[in-house]
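Tertiary structure, described
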Amino acid sequence: SISASSRRKVEVFKFVCSLLDFRDLMTLAGLVAALMLRSYCDLKVIHLVTGVEKSIIHRRREAFIETVKKFACMMLPLSFINAALNYAVYELSLQIHTKLNHKLQSKLFQKMAFYQLTHPTTQINSLTDSRVVNPDQIITNDIQAFAHSVSKFFSHTLKPAIDVIMCTYYIS
């Protein structure tokens, strides 16, 4: 039997997948490509760092200087790849945010349904007023946070999988 928490996670995953279209999948493919490049660069940097350590241990000055130069040259492409990763994550977040907004707006205005917030307390002290002042802004912020969390989830889930595949391929 599946727990209630697991069922809820599956429902959220299905909901998020229903939001994705071709453009989003292309952005996700770009994210995967950037993650693969990042994994390749990580392996290259590890190789260069071990080369630096090896040249220090064996006291080879020329090899040390050459390896440090190669290491320094790797930093510029690595910074571009990191920027591309951040761009892909934020682009995916924006696309999900836009689609989620459209879906919720169409659902809210489908039958011209509006909402009202009620407050259980009858006497409200102005110092301890816990009423929601701007519910529209709170909903917007929650949608934005959810979209960003989903795009980060894709990034953080795909990165270890790609690392394992790339390391296995590189080692074999």
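Refer to the structure printed above.
For the structure given in this document, a descriptive report is provided here. Counting restarts for each chain, with residues numbered from 1 along the sequence as it is written. In keeping with the predicted nature of the model, local features appear solely for residues at pLDDT of at least 70, side-chain atom pairs appear and are counted solely at 80 or more, and the whole-chain, interface and lining totals rest on all residues. Heavy atoms from the whole structure form the basis of all side-chain values; hydrogens and water molecules are not counted.

A look at the pattern of salt bridges
Heads up, the condition is: A pairing counts as a salt bridge when a side-chain nitrogen of Lys or Arg comes within 4 Å of a carboxyl oxygen of Asp or Glu. A run of H or I in DSSP becomes a helix once it reaches four residues, and a run of E becomes a strand once it reaches two; helices and strands are each numbered from the N terminus. Only protein chains enter the calculation, and the probe is 1.4 Å; a residue is then buried if its accessible area is under 20% of its type maximum, exposed if over 50%, and partly exposed in between.
Considering all chains together, one arrives at 7 salt bridges under this definition. Across the pair Asp24 and Lys99 runs a salt bridge, and its minimum N-O distance is 2.9 Å. Taken as a pair, Asp24 in helix 2 (residues 22–57) and Lys99 in helix 3 (residues 61–108) lie far apart in primary sequence, 75 residues in all. According to the relative accessible area criterion, Lys99 is partly exposed, its value standing at 24%.

What about the environment of Glu91?
Note the following rule: Any two residues having at least one pair of non-hydrogen atoms within 4.5 Å are treated as being in contact.
With respect to the helices and strands, the residue Glu91 is situated in helix 3. With 60 residues separating them in the primary sequence, Glu91 and Leu31 have C-alpha atoms 9.8 Å apart. Other than its neighbours up to four places away in sequence, Glu91 contacts Arg23 and Thr27.

Description of unusual backbone geometry
Across the chain, the bulk of peptide bonds are trans and the bulk of non-glycine residues have phi less than zero. Backbone geometry at Arg59 places phi at a positive 55 degrees, although glycine is not the residue there. One can find Arg59 in the loop between helix 2 and helix 3. On the basis of relative accessible area, Arg59 is assigned to the exposed category, the value being 77%.

Structural measurements only, silent on function.
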